[in-house]
Amino acid sequence: MIEDLTHENASLRRRVAELEIAARRYQALFDGGVISVQVHDPESRTKEVNAGWEQLWQIPFERLADYRFLKDSQVVAQGFMHLVEQAFLEGKAARLPTIRYDPLQNEAVCHGRVRWVASALHPVKDANGEVCEVVQVHFDVGELKHSEEELRQKKEQLEAAVAMRTAELSEQLRFSEEQQHAIAALSTPVLRIWKGILALPLIGRIDAARGARILEVLLRSIVETSAETVILDVTGVPTLDADAARSLRDAVRAAELLGAQCMIVGISPETARTLVDNDLGFENVRTFASLQEGLRRSLMRRDVGR
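Residues numbered from 1 in each chain as written. Predicted model: local features only at pLDDT ≥ 70, side-chain atom pairs only at ≥ 80, totals over all residues. Heavy atoms only, no water.

J.: So what exactly am I meant to see when it comes to empty space enclosed by the protein here?
T.: Take a probe with the size of a water molecule and roll it over the atoms, and the empty space left behind shows itself. Counted under the stated rule, the structure contains one cavity of 30 Å³ or more. There is about 260 Å³ of room inside the largest cavity. Lining of the largest cavity is provided by 23 residues; of these, Trp57, Tyr67, Asp72, Tyr101 and His138 occupy positions nearest its centre. Elements that contribute at least two residues to the lining of the largest cavity include exactly strand 1 (36-40), helix 2 (51-57), strand 3 (94-101), strand 4 (115-125) and strand 5 (131-140). (1 Å grid on protein atoms, 1.4 Å probe; cavity = no way out; pocket = protein on both sides within 12 Å on 5 of 7 lines; lining within 4 Å. Points joined across faces, edges and corners; volume = space filled by probe spheres on them. Helix = DSSP H or I, 4+ residues; strand = E, 2+ residues; numbered from the N terminus.)

Encoded structure:
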């Protein structure tokens, strides 16, 4: 009998020691003040708060005498009162979503400051399994919300800067394209030097792209002015290679199809030698050493024609 009592006593001591450890853990959490703890009775009235709660909300405990969590209109408006009822009425732990809570809007409190918080409800049951209190732990997410707002503002600023830079680049691109068009126009200027006579002074290298541009501008100008004679001046072309020669021959042939006769002026001795060596001569196309000579011959031809 004594041995049984001794054994039972030792077992009770171990159980008490375990409960003391659990109690010390809770007390350390409650007294630490790092997190906000609020204890509700089964009717959802506030039984106790810790220093962390008072620091978070800036509300003295005395102001909570008439406050009932289950009647909180802001919680009802947020749509998760069923989670609160689940904790108080069914004894089930619940995690509440983040909420912007304003104690000043609560007629039972009318004190404190607005906070962004999430919270968790932990029911405590008695020996019969009935809820005897509910412990609520608040998590201050105000700093997180502030950081999110800062990120949102920075994102908007970055998007605005990107949009502005994109607009600037678009404007620069448009201006560059206009410059390219202007340069292209200047590189292939068609001059109406006399009635029925056009001159096309060419400067610089003639590549495939520029050859196509010359053909386009020349044919359009012939149609617009009803030109009979076209003088292609290659004085400013440093080298007239095979591709350039073919481009000019294509332009001459296309002009003839529109009824305009072409002549080429300004061929240098070096260019003439290159064309001959590579069999790139302009058959049936009149050539002259200078623009003046070509123009003189064109005018003489017009006078003879009359």
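What follows picks up the thread again.
J.: Can you walk me through the layout of surface pockets in this structure?
T.: Empty space within the largest pocket amounts to approximately 180 Å³. Its residues assigned to classes, the lining of the largest pocket shows four nonpolar, five polar and three charged. (Nonpolar A, V, L, I, M, F, W, Y, C, P; charged D, E, K, R; others polar.)

J.: Quick question: what am I supposed to make of the nonpolar core here?
T.: What tends to happen in soluble globular proteins is that the nonpolar side chains get buried as a cluster. Leu202, Ile206, Val230, Leu232, Leu240, Leu248 and Phe282 are the most contacted members of the largest nonpolar core, which totals 26 residues. Put simply, the parts of the chain that give this core at least two residues each are strand 7 (197-203), helix 6 (208-225), strand 8 (229-236), helix 7 (242-257) and strand 9 (261-265). Considering each element in turn, this core owes the most residues, six residues, to helix 7. One finds Tyr67, Ala87, Leu96 and Val109 within the second-largest nonpolar core, a separate group that totals 24 residues. (Core = buried A, V, L, I, M, F, W, Y, C linked by side-chain atoms within 4.5 Å. Buried < 20%, exposed > 50% of the residue type's maximum accessible area, 1.4 Å probe, protein only.)

J.: Could you clarify how one ought to interpret the side chain of glutamine 136 in this entry?
T.: For glutamine 136, the location among the structural elements is in strand 5. Setting aside anything within four residues of it in sequence, one finds glutamine 136 in contact with Ser36, Val37, Gln38, His40, Phe69, Leu96, Ser119, Ala120 and Leu121. (Contact = heavy atoms within 4.5 Å.)

J.: How do you make sense of the packing of aromatic side chains when you look at a structure like this?
T.: To describe a pair of aromatic rings, one takes the distance between the centres and the angle between the planes. Here the structure, examined in full by the defined rule, presents two aromatic pairs. On the basis of an interplanar angle of 80 degrees and a centroid distance of 5.7 Å, the ring pair of tryptophan 57 and tyrosine 101 is categorised as edge-to-face. A residue pair is termed long-range when its members are at least 10 positions apart, and tryptophan 57 in helix 2 and tyrosine 101 in strand 3 qualify at 44 residues. What makes tryptophan 57 buried here is its relative accessible area of 4%. Taking the relative accessible area as the measure of exposure, tyrosine 101 reaches 11% and is therefore buried. A ring pair is formed by phenylalanine 69 and phenylalanine 88, whose centres lie 6.3 Å apart and whose planes are at 75 degrees; its orientation type is edge-to-face. With phenylalanine 69 in the loop between helix 2 and helix 3 (73-78) and phenylalanine 88 in helix 4 (residues 81-90), this pair connects stretches of sequence that are 19 residues apart. (Phe/Tyr/Trp six-rings, centres within 6.5 Å; stacked < 30°, edge-to-face > 60°.)

J.: It is not clear to me how the environment of aspartate 66 should be interpreted in this structure. Could you clarify?
T.: By the secondary structure assignment, aspartate 66 is in the loop between helix 2 and helix 3. Residues aspartate 66 and valine 109 lie 43 residues apart in sequence; the distance between their C-alpha atoms is 7.6 Å.

J.: Please explain the sheet that holds strand 10 (residues 286-288) as it appears in this structure.
T.: In sheet architecture, strand pairing relies on hydrogen bonds along the backbone and comes in two forms, parallel and antiparallel. With mixed pairing, the five strands of this open sheet are ordered in space as 6-7-8-9-10. Strands with a single pairing partner mark the edges of an open sheet, and in this sheet they are strand 6 (191-194) and strand 10. With strand direction ignored, the average angle separating the axes of adjacent strands in the sheet is 30 degrees. Here strand 6 runs beside strand 7; their pairing, made up of three bridges, is antiparallel. Residue tryptophan 194 lies in a different strand from strand 7, and its bridge partner there is isoleucine 197. Seen against the sheet, helix 6 touches strand 6, strand 7 and strand 8 and runs at an angle of roughly 165 degrees to strand 7. (Pairing = 2+ DSSP bridges. Axes fitted to C-alpha atoms, helices over the stretch in contact; angles between N-to-C directions.)

It is worth stressing that arrangement in space is one thing and function is another; only the former is reported here.
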